[in-house]
Amino acid sequence: MPSFLFLFHFFKMSSLLQAYPKGFQVTSLTPLQPNFLHIFKIQPRAPRTPSYYKPPSLFMSFPTSSNHKQPKMENPIWQNPHFFPLLLTCTFFLFPLQPSLSAGLQDDYIRQPPRKVVVAPHLRSKSDPQQVHASLAGKEYMRISWVTDEKDVASKVEYGKVSGKYEAMAVGNHTSYHYFFYSSGKIHHVKIGPLEPATTYYYRCGGHGPEFSFKTPPQTFPIEFVVVGDLGQTEWTASTLSHVDSKDYDVFLLPGDLSYADTQQPLWDSFGRLVEPYASRRPWMVTEGNHEIETFPIIYPHGFKAYNARWLMPYQESGSTSNLYYSFDVAGSHIIMLGSYTDFDEDSVQYKWLESDLRKVDRKKTPWVIVLLHAPWYNTNLAHKGEGESMRKAMEDLLYRARVDVVFAGHVHAYERFTRIYNNKADPCGPVYITIGDGGNREGLALMFENPTPEVSVYREPSFGHGRLRVVDESRAHWSWHRNNDSDSFVADEVWLQSLTTTKSCWHNTANTDGSKSKVNKDEL
Ligand SMILES: [Fe+2]
């Protein structure tokens with residue numbers, strides 16, 4: 001038995017190390033991981049300072065009150081034989097370190113530490129729907145997903161424009177999965193529609209339980225997206241979601257790392273219940289992060305078992321063969337969700353799908369093209385440095401030639417906005433890159449940025465928060481980043497963006513920054 005457990009733990013550790021990209025290490029058991037499957041826990045290997053850390057002053061300060069007696073200095077410190085070696089050490093090592101520790105931190109705001117995991121209890125009957133969430137599922141359609149403990153509940157949704165009066169009904173599919181000793185409830189997915197734009201619908205799932213409602217997105221501009229990465233399920237998550245909910249929006253975009261269940265399947269259920277009040281009222285569109293992988297050698301080699309079963313996205317509707325990457329159109333915007341943890345090189349299915357998807361974009365119908373992925377291609381934080389580089393090298397040309405407007409990423413637990421970039425240089429025809437992996441995960445913030453700040457990095461700050469992209473018309477969009485200031489939300493960064501569709505110079509001049517000619521021009525898109 002002991003040897004079995006040893007082998008089990010060995011394989012568990014191997015699987016986690018394989019599943020997670022380079023830059024991760026294994027740390028010991030925590031109270032959050034009580035069962036024997038979770039002897040090991042993955043943490044970023046990048047140096048982390050405690051969240052309550054404040055850069056130390058290199059100079060000691062002493063009380064200056066007249067009541068305080070200064071000690072008489074009988075032997076001046078410079079007569080100490082260790083003084084000058086210590087001074088040299090400070091000069092060459094500690095002084096250069098000081099600015100890099102403080103880079104990205106503002107003097108007037110104290111970084112907040114991670115907060116406790118929030119476990120949302122199951123308070124309804126076994127037949128009642130729980131973990132209800134809505135997502136866009138093709139033109140004029142939405143998908144309602146939910147879970148029931150009771151297996152006999154039908155996968156049907158009744159809906160209508162008046163509360164309690166359901167004039168339409170749709171039937172869908174269900175699935176379930178096992179993960180070692182865990183068995184999921186019945187996971188229902190029902191596509192409903194056609195639906196009218198900008199309209200509130202009331203709905204009931206499976207013929208049981210409470211009534212829910214959602215608002216469909218508008219048909220055209222303006223539209224407001226909320227963007228939150230690395231959401232997790234902590235008290236910070238709850239804070240972020242309450243800030244998101246305090247102002248209306250149309251579509252929620254999540255660039256990976258949802259529940260941080262990390263193989264503890266009941267935490268997927270808890271996450272679903274925590275987000276239900278928000279995700280049942282607006283479409284939530286997500287892509288996967290590393291915390292969704294959950295592979296195990298031989299038994300679960302492909303990963304994403306819980307993620308794919310629970311968070312079904314419109315991949316089939318967008319011609320993709322995988323739930324790990326897809327696209328959709330909404331109100332003049334073409335949104336592409338890419339997968340950082342599936343193949344992306346030039347011979348991969350994802351690459352070919354992306355190439356084809358971009359070719360089909362009609363900028364007259366969708367002047368804005370926005371991409372979301374998990375591991376950032378551009379990142380000046382010391383956490384996860386370079387982890388998105390191989391994907392950038394493989395796919396950046398495709399996005400550049402298609403004149404993608406914005407690329408959102410998560411993974412790094414901080415906020416950072418770049419200028420328009422192509423191939424590591426500022427380029428007026430490249431996408432704006434924004435990292436927003438600061439939704440509220442349990443691992444805390446990534447406090448340390450490289451120093452000096454590279455010119456392409458416009459604003460960076462390690463705080464929890466969320467972003468809003470309000471697309472006003474075919475040309476203009478307002479981006480704002482809202483930092484969580486405890487119970488308040490504070491706009492710490494904002495900028496107006498212009499769509500590349502209306503930036504004529506980017507279509508006439510198709511030369512790349514390296515002097516080569518772009519293969520794609522506007523007529524081909
Ligand atoms: Fe991540």
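Details of the structure are given in the entry above.
No experiment lies behind these values; they were computed from the predicted model shown.

Moving on to helix α7 (residues 389-401). In a regular helix each residue adds 1.5 Å, so 13 residues correspond to 18 Å; α7 covers 18 Å between its end C-alpha atoms and thus fits that length. Its maximal kink placed at M395, α7 deviates by approximately 50°. Along its buried surface, α7 packs onto α6 (349-360), β18 (368-372), β19 (406-409) and β20 (415-422). Of the residues trailing α7, R403 is marked for its positive phi of about 60°.

Below, the discussion takes up the environment of W268. Relative to the assigned elements, W268 resides in helix α4 (residues 266-279). You can call W268 buried: it has 26 C-beta atoms within 10 Å. In this structure, the C-alpha to C-alpha distance between W268 and R310, residues 42 residues apart in sequence, is 8.7 Å. If we skip the residues at most four places from it in the chain, W268 touches S259, A261, A306 and R310.

Core analysis: the largest hydrophobic core is formed by 108 residues, its most contacted members being I144, L253, M285, M337, V371, V407 and F408. Top contributing element to this core by residue count: α4, with six residues. When residues of this core are assigned to domains, at least three fall in each of domain 2 (98-120 + 219-270 + 284-525) and domain 3 (124-216).

What follows is about the pairing of strand β22 (residues 432-436). Among the five residues of β22, five are classified as buried, and the element is accordingly described as predominantly covered. Of the two faces of β22, the one lined by V432, I434 and I436 and the one lined by Y433 and T435 are each fully buried. In terms of strand pairing, β19 meets β22 through four bridges, oriented parallel. Each residue of the ladder has a partner; that of A409, found in β22, is T435. The pairing of β20 with β22 spans four bridges and is antiparallel. If you follow R420 over to β22, its bridge partner there is V432.

Rules used throughout
Residues numbered from 1 in each chain as written. Predicted model: local features only at pLDDT ≥ 70, side-chain atom pairs only at ≥ 80, totals over all residues. Helix = DSSP H or I, 4+ residues; strand = E, 2+ residues; numbered from the N terminus. Expected span 1.5 Å × (residues − 1). Bend = angle between axes of the 7 residues up to and from the residue. Contact = placed C-beta atoms within 7 Å. Buried ≥ 20, exposed ≤ 12 C-beta atoms within 10 Å, placed from the backbone. Core = buried A, V, L, I, M, F, W, Y, C linked by C-beta atoms within 7 Å. Domains from an automatic or database assignment. Pairing = 2+ DSSP bridges.

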